[in-house]
Amino acid sequence: MAQPDPRIDAYIADAAEFARPILTRLRELVHEACPEARETLKWSAPSFTYKGKILCGMAAFKQHAAFNLWHGALVVGGDQHRQGMGQFGRLTAVADLPGKHEMTGYLRQAMRLIDNGVKAPPTRTAAPRPVLEVPDDLAAALAGNPVAKATFDGFPPGQKREYVEWLVEAKRPETRQRRLLQAVEWMVEGKRRNWKYEGC
């Protein structure tokens, strides 16, 4: 097995209690199937590379974990409409994982694709998003703060959408107000919505 990455140990230790055994088991399965796999972080989540190419990755969320084979559409099939990212849907217990033999087969097939120089197929193009509508409370807050407004106006559509969606997804009015104040503060500082994760 390649050298373990202590960042993966830390990620697993920081994950929700239900997710730790799932992530630990996935890590074991990857290294059993592919002893040459190297551990790293990609997009702030544990990933495994083989011969310098991404083999797979895993992630823990508040209520589920996920596992993604980079060549998953070619290995497992691309027409699986499961909830959650990855080919195996929302993982909430080790029992949700495919068996060792099945998972080993998937991983070895993904390794063969890398050995043969096959590139992962492009993901399906999403349907065009509707025109971005800035909510009245955000528009009023920006109108009252020229620096924040200039920052927001300078963002490309995707970065504007991140702020708008974060605001409108708030379930309680006090949460929405808190997010609104935080958004304006970050924009005054020239920050994008997900600035904390940039450069990870």
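Residues numbered from 1 in each chain as written. Predicted model: local features only at pLDDT ≥ 70, side-chain atom pairs only at ≥ 80, totals over all residues. Heavy atoms only, no water.

Quick look at the environment of Lys53
With respect to the element layout, Lys53 can be found in strand 3 (residues 53–60). The contact partners of Lys53, leaving out residues within four places of it in the chain, are Phe48 and Ile114. (Helix = DSSP H or I, 4+ residues; strand = E, 2+ residues; numbered from the N terminus. Contact = heavy atoms within 4.5 Å.)

So, the packing of aromatic side chains
Using the criterion set out here, one finds 4 aromatic pairs in the structure. For the ring pair Trp43 and Trp70, a centre distance of 5.9 Å and an interplane angle of 15° mean the geometry is stacked. Taken together, the residues Trp43 in the loop between strand 1 (38–42) and strand 2 (45–50) and Trp70 in the loop between strand 4 (65–69) and helix 3 (72–75) connect sequence positions 27 residues apart. Its relative accessible area of 64% is what places Trp43 among the exposed residues. The exposure class assigned to Trp70 is partly exposed, which follows from its relative accessible area of 39%. With 6.0 Å between their ring centres and 20° between their planes, Phe155 and Tyr163 make a pair best called stacked. Using a relative accessible area of 9% as the deciding quantity, one classes Phe155 as buried. Across the ring face of Trp195, the terminal group of Lys191 is positioned such that the distance to the ring centre comes to 3.7 Å. The ring of Trp166 has Arg193 sitting right over it, with the charged end atom 4.1 Å from the ring centre. (Phe/Tyr/Trp six-rings, centres within 6.5 Å; stacked < 30°, edge-to-face > 60°. Buried < 20%, exposed > 50% of the residue type's maximum accessible area, 1.4 Å probe, protein only. Lys NZ or Arg CZ within 6 Å of the ring centre and 35° of its normal.)

Observations regarding the sheet that holds strand 2
If you trace the 4 strands from one edge of the open sheet to the other, you get 1-2-3-4, paired in antiparallel fashion. The strands lining the two open edges of the sheet, one partner per strand, are strand 1 and strand 4. Within this sheet the neighbouring strands show an average axis-to-axis angle of 25°, counted without direction. Bridge count for strand 3 against strand 4 is 5 bridges, and the pairing is antiparallel. (Pairing = 2+ DSSP bridges. Axes fitted to C-alpha atoms, helices over the stretch in contact; angles between N-to-C directions.)

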